[in-house]
Structure formats: C-alpha cells, structure tokens
Amino acid sequence: MGRYVIGRREPARGLDLSGLNLQQQAVVAHPPGGQRLVIAGPGSGKTRTLTYRVANLIAMGVPPERLLLLTFTNRAAREMLERVEQLVPEDAWRVHGGTFHSVGNRLLRRHAAAIGYQPDFTILDRGDAEEQVGAAILDLGIDTRKRRFPRKKVVLNLFSACINQELSLQEAIFQKAPQFQALLQPLQDVAQRYVERKRAANQLDFDDLLVGWSLLADPPPEANEALRAASAEVCGLYREVLVDEYQDVNAIQGRIADGMASVHGGLTVVGDDCQSIYRFRGADDQNILAFEARHPEAERFYLTINYRSRPEILAVANQSITHNPKRFIKDLEPVRESNGMRPWLSPLRDRRMQATFVAERILDLRDEGIPLNEIAVLYRAHHHATELQVELTRRGIPFMVRSGLRFFEQAHIKDVLSFLRVLHNRRDELSFHRALMTFDAIGPATIRRVFERVHERLTAGADPLAEFEQPVWGNLVGARGAKSWQAVVKLFGQLVRLDDTKVTEMIWAILDSPYADHVRYSYSNPQARLEDLQQLADYAANFDGLHQFLAELALLDTFQAEEVVESEEPDEKVSLSSIHQAKGLEWSRVFVLCMNDGLFPMATALREPGGEEEERRLFYVATTRAKDELYLTYTEIREGRRMRQDLLAVSRFIRELQGVKNSQNQPLLDRVEVVFNTDPGLEAPKETKALEGD
Ligand code: ATP
Ligand code: MG
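Quick caveat, the model's predicted, so the values are computed rather than measured.

### Remarks on the packing of helix α9 (residues 206-217) against helix α10 (residues 225-235)
In step 1: Contact geometry for α9 and α10: axes closest at 7 Å, N-to-C directions at 90°. One finds that α9 runs roughly perpendicular with respect to α10. Mapping the contact onto sequence places Trp213, Leu215, Leu216 and Ala217 in α9 and Leu227, Ala230, Ser231, Val234 and Cys235 in α10.
In step 2: Of the residues belonging to the contact of α9 with α10, the class tally is 8 nonpolar, 1 polar and no charged.

Written out as structure tokens, the structure reads:
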C-alpha cells in the first residue's frame, strides 16, 4: 500500500540577508502584511531593499504572482525582477510589476466591462487627447474666436490636474488658473463632452487608466454590482504591494496603492522627500506625511548610510539641500572612502566649448579604462545638450539619449500608427480621421461622411473595413477624391486580410501605398522619415500581435528616440539624460551641464511658488547620481541672434556652495579652468586641464 504524506514541503525559509545592513534587514525581514514606510536619502539602498523584500517574500512562500511591484519606469521593474531572480530560484517574472499606468492598463483589459468600456479600448496619447478636447469644444459650439477660451492643451492640463490631484474642476481653476473662473460652466460642459466622446470611441487617455483602476481599487459607495464584484477580485489579487519612489506618487496613485492592499494589508513604500521632482504632475512632498495619516499603524524605517557616492560628492549634495528647510532626512553618512577628488566646477566660454570639454574628458576617462556606460551627462532641459550631441557624433563617441523628442510623437509615426489603430479598434474616429487625411483630395467633410457610414455598418454587425469595395459603400467621395478612395479601398483590403500577428507586414503595406508619397510631399526630410518607419516595422516584429504592440507603444512614457551611434560593443554608450529621467539611476562619472542661473534653476520655474525648492531638489537628484566623479559646467556667454552676446551668470545652486568647507577644510568644489592648448609645446599649468585645440 502506498503512503501519502501531508506537509512534506520544506518549511518556508528566509533569504540570505548578508548583503544588507541591519537597517535594511529590518525592512526586508518584516513579516508579510501590515504597512511600512521607508524614508531615506539617495543611494541608501531603498531600491535594493525593496528588491530584497520581494525576493524574501517569495522565499517565505508568497507566490510571485501575488506580489505587485510599482516602479517609476517599466524598465526599473524589469531590472529589479532580474535581480530577484538571482536571489531566489522561483520565477520572479511572475511578479506583477511596472508603472501605475502599465499595471492599470493590464488590469483594465480584464475588467473593462465593469467600468463601462470594451476590453479592446485604445489609449490616447497627449496629442490625440488634445484633439478630442478640441472636438468636444467644437461639438458644444463654443466659438473660441469670439470669446477668449483657453487652448485645448491648457484645458486638458486642467482636466489632468483634477484627476491626478483629485480636485474638482472648480478647485483646479481656483488653484491653477483663476483667470478662467468665469468659464467654469462651459469648461464643465467640455469636460463632460470629452468623457462622452472617449466613451463612444472606446478610448482612454493616460489619466483614465488611473481613474479606471482607482474605481476598481477603491469603488465609490454608489458602485453597481458588476463594479463591486470586479473590485473584490482585483483587490484580493495581491498579498503585498510594494512602491518605489513613493515621493513622486500623486493623490490618485496613493489611493490606488492603498486600495490594492486593502484586502491583505501588505504595503511597503520607499521614498525620499528631497527627491520629489514631479510637482507638475501632481506629486507633493507632503505625500509621505499623508501616507502616515492614512495608515496610523504603519511602521517607519530609516536608512542612513549612503553606499553610492564618494564623501566629496555627498558633501556637495548635503550642503545644497540645507537650503530647502522643510525635509525629513538628515545628512547621509558615506561608507565609501575618498578618492581625493572633489567635484569639478568648470566655466566654459559657450556651449560649443562646453561640448568640446565634455567630449575630451569622456575620451580621457575611456583611456583610463572607464566603460562608457558608466558615464552620464545630465541636464535640466533637453536642448542644453544639442551641441554635445553634435560633438559626440562628430568624434564617433557612442551615446544614447534617455530623453528627447519622443519618437512616437512625431507626425509620420503617428500617421502610421493611426492606420494600425483603426484596424485594432474600428470605432476610433480620431485615428480614422488622421489616417484618411493623409490621402490627397480627401478632406474632413468626406471623412465625416465615411465615418458615419462606418458607424452604421458596425451597428449592423458588418466589418466596414472589409467591405469597402462592396456596393453598400456607393460613392461617398466625389469625383475629385475617386482615385485616392481607390487607394484607401485597396490598402484597407490588404490590411484586413493580414493576420493580427503580422504587424511588420502591415506597416510595409502602408509604406507601399500612396502614404509614402504623402511623406515625400509633406516633409523636408522624407528619406529620414521613411527610414524611421522602416525601423518601426522592424521594431514591431518584437511583439506577438497588433494589440500588444499598440498597448505597449501607448504606455512607453519613457521610450524615446535613442540617437545611437553604433559601436562594436552595443552596451558601451554614454548616457545623455534629463535629470527627471535619471531618477533612481547611478553612474561612476556624471557631468551636469549648463549650471547657469535661468537655465538651472530654470527661469520659468522660479516664477512659481515653491519653484526654487523643486529645482534644488532636481540639483540634489543630479549630484547624487554620481558614484566616483562629478563634473559641473557652466557657460559664460550665449550667442543670440544677430551675433548678440549675452553674459550668463553662474547658477545660484553653485553660489550657495561657495565659502563652505568640506571635512578636509577644503572648498566643496574644485574650480578647474579649462584651457585650449593650441601649442603642442605648452605645459598645462597646475589646476588647469589642457585640451587639444582642434
Ligand atoms: P535613489 O534614492 O537614488 O533611488 P536608493 O536609495 O534606491 O537610491 P539603491 O539604488 O538601492 O539606493 O542603492 C545605491 C547603491 O548602493 C547601489 O549600487 C546598491 O547596490 C548599493 N547598496 C545599497 N545597499 C548596500 C549594502 N548594504 N551593501 C552594499 N551595497 C549597497
Ligand atoms: Mg532607488
């Protein structure tokens, strides 16, 4: 007779925590359930602690798919989960992780019906959302020329503030745009019409992903049965919710995280109030306090040791942030030892010189054996690095841009995506409009007629795209557009016959249609644009199907054009990044460009209340990205139009550091003059760095 033993699994074991200090271990070993708040400065191991906590929960027997990890970028979640995979043998990829928007999207695909949508909804990007707002204003017959009315972009920003900060429209107008107080009623009508339009077209904008998710995570008292049932299911999914970069979570996101932890209780958040840099998106450095008000039982943990930066770098960051009086955290203690090098401060004549210096210094560092991917150049605004991009390209130094003109927000890319969106969601009027507008002699009136018919045919249960050739379509286009209409019929005929997984072929079909002529006649650089589109076709091959492709693109908030000069070693690239995009990351050598007053801090930010503090936190984030060496540069002259030269002042963030000494009784910054050596015999004087003239 056989025997069946119950309880034969090994008892759950914890993880080896020797890679953590005692403060970090306390967080990681804290039992599942309950709430924890970890407040700590940069480089103190918040992200590492969260990663270990995920691994430890799995090691203690929590199934990976019962964990939810919310991070600032999707890539951060992937990297953390790779690390988890190394710590525990279990399948870490089963952990649900990503940004609030991407996780929201995934959950809403399953529960769209509960919030009154169909699961194949399209996600509107900013530009498309603005178009919908514009259309809503038109629908209401508001004559924006007769009466001064905010532009659609401004209107959308107001709606967005309402959602992210959980304000009523009245409150948002009062706080952010008092000049529109008299327009409250029409704006309210536009808001309502905008919602209706999106619903009719089965479209969600970015904010709706949060709104939809918040309905599931925290349903209102008046919720119907279906929503209640979906909510119970969603809130029961996860045993523990973990949130990185909590200081930049806004009101609705905070409520979502709470709701998701409401059934099983487990919630761990980590953050640093001094690194809160998304005020313009509704983040508030008071969030962390609000967390404790909502969770009075939460335990608070501190991490006080900095593992990232050399003491000389940390001294600069610590000193700078003392000028922001309101903050939780005291100075950080470095564990790393001095390398004898203080952060450099180098004035350069202008942006071209700044670019030359940075490029030269990068080459020196490479000669010293520093891999290029350990070097980053950070800036407050993307255009600060234009000259540098040119210089790096000229010298063949490979680099990647972590932020910039968004690849997917360029007109030609959006055109092609609009064809794909129509295929994916036949009700998507905006995309339909955009796609057809690229054909000669087909205008808005025609498109409206055609779309009305599309709508009728959909309601009749037919697939309009597949039956364009049939008599039911008659002639809606008129003689002038007849030729183009034939091309439309032919193209959509081809597209609908392609299997849903053949996205690459779909893009090629579009490129083989008269759309290519549209590109040739509409842009001054058609060749580059057509090449972009070919790249898009290649990129599409990475996806299983149209649905996945479009959802991913819509969510790639950080996916931007990567201007890459190829090198032998594809990973060996210098990173160029805005400071906002550099959050949470670290490099051995970091340059910060354009440390000029008016550029950093940015002049426009200084005009807002709290703006200077927010800019200073950005400076704090920038300096604390550096592990070993930090270079701050500023320029003395800006050449304006007609050869006019403006003198530029050094940033107040630099001036604030002057006169302060570090623990070795030296000035915090090492002022290093850069001289351009045009005479090969010239010795560089002490304390100056000679560059080869070119
Ligand atoms: P930020 O605020 O910039 O996001 P953070 O607090 O999340 O920083 P991490 O990125 O987790 O900090 O850690 C910073 C660096 O210190 C990483 O390289 C990490 O591996 C290292 N580190 C953290 N804790 C330890 C430790 N106990 N022992 C050794 N290295 C550590
Ligand atoms: Mg971190």
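Read on for the rest.
### What about the pairing of strand β16 (residues 626-635)?
In step 1: The buried fraction of β16 is high, at 10 of 10 residues.
In step 2: Relative to β16, strand β11 (residues 344-348) runs parallel, the two being bridged by 5 bridges. Bridge pairing in β16 places Leu348 opposite Thr635.
In step 3: Both strand β15 (residues 587-592) and β16 contribute to a ladder of 5 bridges, which runs parallel. By the bridge assignment for β16, Trp587 is matched with Ala626.

### Structural notes on the site of ligand 1
In step 1: Looking at ligand 1, there are 19 residues lining it, with Lys46, Thr47, Gln275, Glu586 and Arg625 nearest.
In step 2: Side-chain polar atom of Tyr307 to a nitrogen atom of ligand 1: 3.4 Å apart, as the coordinates give it.
In step 3: Measuring from an oxygen atom of ligand 1, one finds a side-chain N or O atom of Arg308 at 2.8 Å.
In step 4: Alone, ligand 1 offers 640 Å² of accessible surface; in the complex the protein occludes 82% of this.
In step 5: Among the elements that make up the shell around ligand 1, the one with the highest residue count is helix α2 (residues 46-59) (3 residues).
In step 6: Three or more residues apiece are contributed to the shell around ligand 1 by two domains, here domain 1 (22-114 + 209-303) and domain 3 (311-398 + 565-692).

### Quick notes on unusual backbone geometry
In step 1: The omega angle of the peptide bond from Phe600 to Pro601 is 5°, so this bond is cis rather than trans.
In step 2: With respect to the helices and strands, Pro601 occurs in the loop between β15 and α24 (603-606).
In step 3: In this structure, Glu166 is a non-glycine residue whose phi angle is positive, near 55°.
In step 4: Backbone geometry at Glu245 places phi at a positive 55°, although glycine is not the residue there.
In step 5: Position of Glu245 among the secondary structure elements: in the loop between β6 (240-243) and α11 (251-260).

### Here's the deal with the pairing of strand β14 (residues 574-578)
In step 1: Counting buried positions along β14 gives 5 out of 5 residues, so the element sits mostly inside the fold.
In step 2: Alternating residues of β14 divide into Val574, Leu576 and Ser578 and Ser575 and Ser577, and every residue in both groups is buried.
In step 3: Pairing analysis gives 3 bridges linking strand β13 (residues 399-401) to β14, with the strands arranged parallel. The residue of β14 that forms the bridge with Met400 is Ser575.

### Examining the packing of aromatic side chains
In step 1: Evaluation of the coordinates by the stated rule reveals 16 aromatic pairs.
In step 2: Consider the rings of Tyr246 and Phe291, whose centres lie 5.4 Å apart with planes at 75°: the pair is edge-to-face. Here the residue Tyr246 occupies a position in the loop between β6 and α11, and Phe291 occupies one in helix α12 (residues 287-294), the gap between them amounting to 45 residues. The same class applies to Tyr246 and to Phe291, which are both buried.
In step 3: These aromatic residues form a ring-pair network of at least three members: Phe419, Phe439, Phe468, Trp485, Phe492 and Tyr515.

### Digging into the sheet that holds β13
In step 1: If you trace the 7 strands from one edge of the open sheet to the other, you get β13-β14-β12-β15-β16-β11-β19, paired in parallel fashion. The two strands at the open ends of the sheet, each matched to only one other strand, are β13 and β19 (670-671).
In step 2: Lying over the sheet, helix α25 (residues 611-623) contacts β12 (375-379), β15 and β16, oriented at roughly 130° with respect to β16.

### Overview of the nonpolar core
In step 1: Membership of the largest hydrophobic core comes to 49 residues, with the highest contact counts inside it found for Leu420, Phe432, Trp485 and Phe549.
In step 2: Counting residues per element, the ones that place at least two in this core are α16 (411-424), α17 (429-437), α18 (444-459), α19 (482-497), α20 (503-511), α21 (515-522), α22 (526-540) and α23 (546-555).
In step 3: Ignoring anything within four residues of it in the chain, the contact list for Trp485 reads Leu436, Ile442, Val450, Phe468, Trp473 and Val477.
In step 4: With 39 residues, the next largest nonpolar core counts Ala114, Ala230, Met260 and Leu267 among its residues.

### Focus on the packing of helix α6 (residues 152-164) against α9
In step 1: Two numbers describe how α6 lies on α9: the axes approach to 10 Å, and their chain directions differ by 25°. As summarised for this structure, α6 and α9 are arranged roughly parallel, according to the angle between their axes. Where α6 crosses over α9, the two elements pack in a sense that is left-handed. Taken together, the residues of α9 that come into contact with α6 (itself represented by Ser160, Ile163 and Asn164) are Asp207, Leu210 and Val211.

### With respect to α18
In step 1: For α18, which comprises 16 residues, the first-to-last C-alpha distance of 22 Å matches the rise-based estimate of 22 Å (1.5 Å per residue) to within 8%.
In step 2: Within α18 the residues assigned to the buried category are Thr446, Ile447, Val450, Phe451, Arg453, Val454 and Leu458. End-on, the buried residues of α18 take up no more than an arc of 160°, which puts them together on one face. When the buried face of α18 is taken as reference, the exposed residues oriented beyond 90 degrees from it are Ala445, Arg448 and Thr459.
In step 3: Contact partners of the buried residues in α18: α17 and α19.
In step 4: Just beyond α18, the residue with positive phi is Gly461, at close to 85°.

### A closer look at the pattern of salt bridges
In step 1: Counted under the stated rule, the structure contains 44 salt bridges.
In step 2: The shortest N-O distance in the salt bridge between Arg94 and Glu65 comes to 2.9 Å. Highlighted residues: Arg94 in the loop between α3 (74-87) and β3 (96-98) and Glu65 in the loop between α2 and β2 (67-70), separated in sequence by 29 residues.
In step 3: Residue classification places Arg94 among the partly exposed positions, given a relative accessible area of 28%.
In step 4: The class of Glu65 is partly exposed, set by a relative accessible area of 32%.
In step 5: We note a salt bridge from Arg193 to Glu196, for which the minimum N-O separation is 3.0 Å. In this pair, Arg193 and Glu196 both sit in helix α8 (residues 184-200), 3 residues apart, roughly one turn of the helix.
In step 6: The exposure class assigned to Arg193 is partly exposed, which follows from its relative accessible area of 25%.
In step 7: Here Glu196 falls in the partly exposed class, since its relative accessible area comes to 36%.
In step 8: Bridged by salt links that share partners, the residues Arg310, Arg336, Arg361, Asp364, Glu368, Arg589, Asp628 and Glu629 form one connected network.

Conventions we followed
Residues numbered from 1 in each chain as written. Chains lettered and ligands numbered in written order. Predicted model: local features only at pLDDT ≥ 70, side-chain atom pairs only at ≥ 80, totals over all residues. Heavy atoms only, no water. Axes fitted to C-alpha atoms, helices over the stretch in contact; angles between N-to-C directions. Helix = DSSP H or I, 4+ residues; strand = E, 2+ residues; numbered from the N terminus. Parallel < 35°, antiparallel > 145°, perpendicular 65-115°, else oblique. Contact = heavy atoms within 4.5 Å. Nonpolar A, V, L, I, M, F, W, Y, C, P; charged D, E, K, R; others polar. Buried < 20%, exposed > 50% of the residue type's maximum accessible area, 1.4 Å probe, protein only. Pairing = 2+ DSSP bridges. Near = heavy atom within 4 Å. Polar contact = N/O pair within 3.5 Å; in protein donor to acceptor, adjacent residues only side chain to side chain. Areas by Shrake-Rupley, 256 points an atom, 1.4 Å probe, with all protein chains shown as cover. Domains from an automatic or database assignment. Phe/Tyr/Trp six-rings, centres within 6.5 Å; stacked < 30°, edge-to-face > 60°. Core = buried A, V, L, I, M, F, W, Y, C linked by side-chain atoms within 4.5 Å. Left-handed = near helix turned anticlockwise from the far one by under 90°. Expected span 1.5 Å × (residues − 1). Arc of directions from axis to C-beta. Salt bridge = Lys/Arg side-chain N within 4 Å of Asp/Glu carboxyl O.

Treat this as a map of the structure, not an account of what it does.
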